[in-house]
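Fold and contact review
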Amino acid sequence: MTHVEDELSSQPECWIRAASEAARHGGALPVPGERVAVVGCGTSYFMAQAVAVLREGAGQGETDAFAASEFPHGRSYDRVVALTRSGTTTEVLHLLGQLKGSTRTTAITADPDTPVMAAADDLVVLDFADERSVVQTRFATTALTLLRAHLGLHTDAVVDDGRTALATPLPEGLVDCTQFTFLGRGWTVGLANEAGLKMREASLAWTETYPAMEYRHGPISITTRGTAVWMLGEAPEGLPEQVRATGGLWVADGLDPLAGLVRAQRLAVAVAAARGLDPDRPRHLTRSVILAP
């Protein structure tokens, strides 16, 4: 078993622990009414997108998401939350340094023994969700679970769905597809972006991601036999039928979207295996992007 397979299989247990610890970390996390920006790079940026929509939807306050390198310094925030598995990513550390003394910052990380310990004002450590693999799985979903629980949006049903996602076979013929598209709505747009990233990282697959309602505005033109269209969350009315009419394979599982992401992670590993690739050694990637001065 690869590191990434082992780590993605442990996600339901990590979610249980994160949810149980959410109250203990409450002092480091945004409070209702704060204007918040959530930042990250790569996978963490896509989790930030999901968190931002969830927090605003819960009525907790205006919340934006940015890639750390694209943070708008002309805007004012009460708190900036940085998601960083390694605690060493250059763009995140640079941003936290710029904000020091002017904006309250919180870092959610898997490793406190890194520069982020001194860079952020508040720290949440999810060391039980740390990973050996380059390709992120459980840290990202565990950090999102912590924040969902903090917002009162996590339930035991999410964990049950996660276990179902690990135990249920992937749809027949899915691994053999030559092109994959992931769709989302609201907070699941971020999950769709992350699912696409997993496919590109682990299996070098041709993968695209869109807000579901945008799929009719051009992207559906490439859909044909050999195309898989995977919906994370509730699909727009009529879209499954339109995709099937093109000859494409429509995929929807009815699980909590976070559990759907787990299935997409499994797909990335399965496609990598079918193509003779090692998902623990993704091409051109390292576990953390550390740029020279």
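This text goes with the structure placed above it.
Report follows, based on the coordinates. One numbering rule holds for all chains: residues counted from 1, following each sequence as written. Only residues with pLDDT of 70 or above have their local features reported here, since the model is predicted, and side-chain atom pairs are shown and tallied only from 80 upward, although totals for entire chains, interfaces and linings are computed over all residues. Side-chain metrics in this entry use all non-hydrogen atoms of the structure; hydrogen atoms and water are not considered.

**What about the layout of surface pockets?**
When its volume is computed, the largest pocket comes out at roughly 360 Å³. When the residues that make up the lining of the largest pocket are grouped by side-chain class, the tally is seven nonpolar, ten polar and four charged. Grid spacing is 1 Å over the protein atoms alone, the probe is 1.4 Å, and a cavity is where that probe fits but cannot get out, while a pocket is an open set with protein on both sides within 12 Å along at least five of seven lines and lining residues have an atom within 4 Å of a point. Grid points are joined across faces, edges and corners, and a volume is the space filled by probe spheres set on the points. Ten residues, namely Ala, Val, Leu, Ile, Met, Phe, Trp, Tyr, Cys and Pro, are considered nonpolar, four, namely Asp, Glu, Lys and Arg, are considered charged, and the remaining ones, Gly among them, are considered polar.

**Overview of the pattern of salt bridges**
In a structure, side chains of opposite charge can pair up when their charged atoms sit close to one another. Basic side-chain nitrogens of Lys or Arg form a salt bridge, by our definition, when they fall within 4 Å of a carboxyl oxygen of Asp or Glu. The full count for this structure, using the stated rule, is 15 salt bridges. A salt bridge links Glu-21 to Arg-24; the nearest nitrogen and oxygen atoms lie 3.1 Å apart. Glu-131 is paired through a salt bridge with Arg-85; the nearest N and O atoms lie 2.6 Å apart. Placement of Glu-131 in the loop between strand E5 (122–125) and helix H6 (138–150) and of Arg-85 in the loop between strand E3 (79–84) and helix H4 (90–99) is noted, with a sequence separation of 46 residues between them. With respect to burial, Glu-131 and Arg-85 carry one shared label: buried. A run of H or I in DSSP becomes a helix once it reaches four residues, and a run of E becomes a strand once it reaches two; helices and strands are each numbered from the N terminus. Each residue is placed in one exposure class: buried if its accessible area under a 1.4 Å probe, protein chains only, is under 20% of its type's maximum, exposed if it is over 50%, and partly exposed if it falls in between.

**Some thoughts on the pairing of strand E6 (residues 179–184)**
Where burial is concerned, most of E6 is hidden: six out of the six residues are buried. By this definition, two strands are paired if DSSP reports at least two bridges between them. Bridge count for E6 against strand E8 (residues 227–232) is six bridges, and the pairing is parallel. Following the sheet pairing, Thr-181 is matched in E8 by Val-229. Handedness of a crossover is defined as follows: orient the strands so they point away from the viewer, and if the path from the first strand over the helix to the second runs clockwise, the crossover is right-handed. Read from E6 through helix H8 (residues 188–203) to strand E7 (residues 207–211), the crossover connection turns out right-handed.

**Points about unusual backbone geometry**
A positive phi angle is found at Leu-204, which is not glycine, with a value near 55°. As for its position among the elements, Leu-204 is in the loop between H8 and E7.

**Quick look at helix H2 (residues 11–21)**
Burial in H2 covers these residues: Gln-11, Pro-12, Cys-14, Trp-15, Ala-18 and Glu-21. Its buried side turned inward, H2 meets helix H1 (3–9), H6, helix H7 (156–167) and helix H10 (257–274). Contact between two residues is taken to exist if any of their heavy atoms lie within 4.5 Å; hydrogens are not considered.

**Re the pairing of E3**
Of all the six residues making up E3, six are buried; the element is thus mostly covered by neighbouring parts of the structure. Neither face of E3 is exposed, since Arg-79, Val-81 and Leu-83 on one face and Val-80, Ala-82 and Thr-84 on the opposite face are all buried. One ladder, built from four bridges, connects strand E1 (residues 36–40) with E3; its direction is parallel. Counterpart to Val-36 in the pairing with E3 is Arg-79. The pairing of E3 with strand E4 (residues 104–109) spans six bridges and is parallel. Directly across from Val-80, in E4, lies its bridge partner Thr-105. Read from E3 through H4 to E4, the crossover connection turns out right-handed.

**Here's the deal with the sheet that holds strand E2 (residues 63–67)**
Strand order in the open sheet formed by five strands is E2-E1-E3-E4-E5, with parallel pairing between adjacent strands. Every other strand in the sheet has two partners, leaving E2 and E5 as the edge strands with one partner each. Averaged over all neighbouring strand pairs, the angle between strand axes comes to 20°, with direction disregarded. One ladder, built from five bridges, connects E1 with E2; its direction is parallel. Its bridge partner being in E2, Val-38 is matched across the sheet by Ala-65. What counts as an axis is a line fitted to C-alpha atoms, over the stretch in contact for a helix, and the angles between N-to-C directions run from 0 to 180 degrees. Packed onto the sheet, helix H3 (residues 43–57) meets E1, E2 and E3 and runs at close to 170° relative to E2. Set on the sheet, H4 makes contact with E1, E3 and E4; between it and E3 the angle comes to about 160°.

**Concerning the packing of aromatic side chains**
What characterises a pair of aromatic rings is the spacing of the ring centres plus the angle enclosed by the ring planes. Ring pairs are drawn from Phe, Tyr and Trp, using the six-membered ring of Trp, whenever the two centres fall within 6.5 Å, and their geometry is named by plane angle: stacked under 30 degrees, edge-to-face over 60, tilted for the rest. If you walk through the whole model with that rule in mind, you get six aromatic pairs. Ring centres of Phe-66 and Phe-71 lie 5.9 Å apart, and the angle between their planes is 80°; this geometry places the pair in the edge-to-face category. For Phe-71, a relative accessible area of 9% corresponds to the buried category. Considering the side-chain rings of Phe-182 and Trp-230, the 5.6 Å spacing of their centres and the 35° angle between planes classify their relative orientation as tilted. Here Trp-230 lies in strand E8 and Phe-182 lies in strand E6, a separation of 48 residues in the sequence. Under the relative-accessibility criterion, Phe-182 is labelled buried at 1%. In this structure Trp-230 comes out as buried when scored by relative accessible area, which is 2%. Among the aromatic residues, ring-to-ring pairing joins Phe-66, Phe-71 and Tyr-77 into one connected group.

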